[in-house]
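Survey of secondary and tertiary structure
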2 protein chains.
Amino acid sequence: MPDTPWTPPPVLLAVDLVILTLRSAQLHVLLVERGIEPYRGRHALPGGFLSHADEDLTAAARRELREEANLDAARLHLEQLGAYGALGRDPRGRVVSVAYLAVAPGLPEPEAGTDAAGAAWVPVHDVEARHLELAFDHRQILADGIERARTKLEKSSLAAAFCGETFTIAELQQVYEAVWGTRLDPRNFYRKVRGIPGFIVPAGSQRRTTGGRPAQLFRRGPQTVLFPPLNRPPSQTPTPLRTDP
Amino acid sequence: MPDTPWTPPPVLLAVDLVILTLRSAQLHVLLVERGIEPYRGRHALPGGFLSHADEDLTAAARRELREEANLDAARLHLEQLGAYGALGRDPRGRVVSVAYLAVAPGLPEPEAGTDAAGAAWVPVHDVEARHLELAFDHRQILADGIERARTKLEKSSLAAAFCGETFTIAELQQVYEAVWGTRLDPRNFYRKVRGIPGFIVPAGSQRRTTGGRPAQLFRRGPQTVLFPPLNRPPSQTPTPLRTDP
DNA sequence: CTAATAGTGTCTTTAAGACAGTATAGA
DNA sequence: TCTATACTGTCTTAAAGACACTATTAG
C-alpha cells in the first residue's frame, strides 16, 4: 500500500417507495409517470435522490411521498425493504436505492406532483401480469414489497394499517383476501381475529350501513405482534433463499 | 428552481457482515478488533467501504470477508439485512452501510486479516448481555441479523447452512436449539424434520462415532422452502413493526 | 451385561377448517 | 314477510407435544 491516503468512492443514494392501498377490494400500488430521462414516460415507483448529504433516509422517503404524490406521510406505516445496488440498474451511473414499503388506507386519487408527469393508483395485478412495464428494477422492488406485506400480515398488525381509524371485521378480512389473493371463511376469520389479544378493540357501539345487519366498529389495539398468528393458506410462495435483498 | 442543474449529493457506502456459526453448540459471531480510528480497539463487525464505484455490493461483502477474516465466501450463505443510514452513526461523515447476514458451518479459529488487528468468534450471548460493546450501530445490526436467522429457520432450509456437507439429525437439532435458545424433543424433531419433503436427504448409509448408536448422515435436499414449517415455540419475540431496517 | 444415542409408536391436547344455525338490521 | 350480513356453536380433521418403547452401537 502506498502512502497516499485512500478515500472511498462516492455513490449516489436514492430512495424508492412501494405504497400499497386497497381500492374496491383490490390491491393497488402508487405509480408515477416519469417526466425526465431515463425511462421518460415509463411508469415507476415514487422516489428520488437524497436532497442533501445530511438528509435522513426516512425523511427523504416522506419528502418524495409529498413531492411526487401529494400524500401526507404522517399517517402511513413505513418500513424498509432493503438496498438495491446492482451495477446496471441506473444508466446515469452508480446509484444505490433504499426501498421502503408504505401502507395506506383507502385514499382518493392522488394529484400529480412537481417532478412527475402524473401519479395514479394501479392494480398490482396489472404489473404482475406484465400489462405494464416499470422503469429501472422497480418491478423487482414492487414484488419484494408485496411479498413483505404478505408475510407481515401473518404475525404483525400491518393489516390494520390498510384500514381507516375505525373499521369492521369484514373490512379487515378484505385486506387479507386482497393481499394474499385468497378467500377466507368470514365466520372462522371473525373468531380467529377476535381471539388475538390486543389486535383490535371495539370502538364504541357504533355501526355502519350495508345491506344487512350493521357491524361493530373496531380500532387498532396496542399489540403489534399477533399471537396466535394468522397463517396464510398453503400453495403460496413464501420466503425463498436469496442474497439480495 | 434556478437554471443551475442540480446534482445529487454523494454519499459514502459501506458493507458490514453478520457472520454466524456454531461452535460447541453455542451461537457465535465473527468480530474484528478495529485497528484504526474511529472506535480503535473496539470490537466491530467485519466490513468496510466499497473499493471502487463499480464494485457490486455482494462482491464487496465477499471481499471484506476475505480481507478481514481470511474466510472464503464461496461456501457461505449470504443474505442482505438492509441499509443502515442514521445520521450520527459514523463520526467520519455520512456513511450508509448495507448489512449482510452470512451463515457458516463450524470453522477453525480465523486469522487476523490486514485491516483488522484481530478476528475472533465471540459467543453472541457476550454481546447481548453487554459484556462486550461494539462500534458504530453494530450492536443493532447484529441483533437484526440474529432475529433474521431465527425467523428464517422456521420456513427455509437456512439451518442446513450451519452444518457441513453431511450432518446428522442431532446436529441439525443443535442448530435450532442454539439459534432459538430453546430445547426441543429429539424424537419429535426427528419425525418432523424427516416429514418435510426435500429438506434433507440420506447421504449413503454412512455413520458417525458417538457414545451410542451411530446416526444416519444426511445432506441438504433440493427444497429451500420448508413445508410444513418448523415453528419455534412461543414466548419469543418475533417481527415487531419498525421502519428501519 | 450396561451405557448411550438413534429411531418408532401412540396417546393427548390444541388449533384449523367446514358449516349449520341464530341475531339484527333494511326494504 | 324476505334478504343480506353479523355473529355463535359444534363437529371433524390435522398438526404439535409428551413420552414409552425398540434398535444398534461401544465398552
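A quick note: this is a predicted structure, and the numbers were derived from the prediction, not measured. (Residues numbered from 1 in each chain as written. Chains lettered and ligands numbered in written order. Predicted model: local features only at pLDDT ≥ 70, side-chain atom pairs only at ≥ 80, totals over all residues. Heavy atoms only, no water.)

**Re the interface of chain A and chain B**
Opposite the 48 residues of chain A that make contact, chain B presents 48 residues. Carbon and sulfur atoms supply 62% of the area that chain A and chain B bury against each other, a total of about 4,000 Å² over both sides. On inspection of chain A and its partner chain B, the count reaches two salt bridges. For Glu154(A), the salt bridge identified is with Lys155(B), shortest N-O distance 3.2 Å. In terms of residue class, the side of chain A that touches chain B is built from 26 nonpolar, 12 polar and 10 charged. In the sheet, strand E1 (residues 10-23) of chain A pairs with strand E1 (residues 10-23) of chain B via three bridges, with the strands oriented antiparallel. Within E1(B), the position partnered with Val11(A) by the bridge is Val11(B). (Contact = heavy atoms within 4.5 Å. Buried area = accessible area lost by both parts, 1.4 Å probe. Salt bridge = Lys/Arg side-chain N within 4 Å of Asp/Glu carboxyl O. Nonpolar A, V, L, I, M, F, W, Y, C, P; charged D, E, K, R; others polar. Pairing = 2+ DSSP bridges. Helix = DSSP H or I, 4+ residues; strand = E, 2+ residues; numbered from the N terminus.)

**Description of the packing of helix H4 (residues 169-180) of chain B against helix H5 (residues 186-194) of chain B**
Residues and elements named next belong to chain B. Direction vectors running N to C along H4 and H5 enclose 100°, while the axes themselves pass 10 Å from each other. Between H4 and H5, the interaxial angle falls into the category roughly perpendicular. In this structure, H4 uses Ile 169, Leu 172, Gln 173 and Tyr 176 to contact H5, whose residues at the interface are Pro 186, Phe 189, Tyr 190, Val 193 and Arg 194. (Axes fitted to C-alpha atoms, helices over the stretch in contact; angles between N-to-C directions. Parallel < 35°, antiparallel > 145°, perpendicular 65-115°, else oblique.)

**As for the protein's contact with DNA strand C**
Not every one of the 17 residues close to DNA strand C is listed here, only the nearest: Arg187(A), Asn188(A), Arg213(A), Tyr190(B) and Arg213(B). Among all atoms of DNA strand C positioned within 4 Å of the protein, those belonging to sugar or phosphate total 59%. Within the side chain of Arg191(A), one N or O atom sits 3.2 Å away from a base nitrogen of DNA strand C. Interatomic distance of 3.2 Å between a side-chain N/O atom of Tyr190(B) and a sugar or linking oxygen of DNA strand C. Of all the secondary structure elements, the ones that give two or more residues to the surface near DNA strand C are helix H5 (186-194) of chain A together with H5 of chain B. The biggest single contributor to the surface near DNA strand C is H5(A), with four residues. Taken together, the residues that form the surface near DNA strand C break down as five nonpolar, three polar and nine charged. (Near = heavy atom within 4 Å. Polar contact = N/O pair within 3.5 Å; in protein donor to acceptor, adjacent residues only side chain to side chain.)

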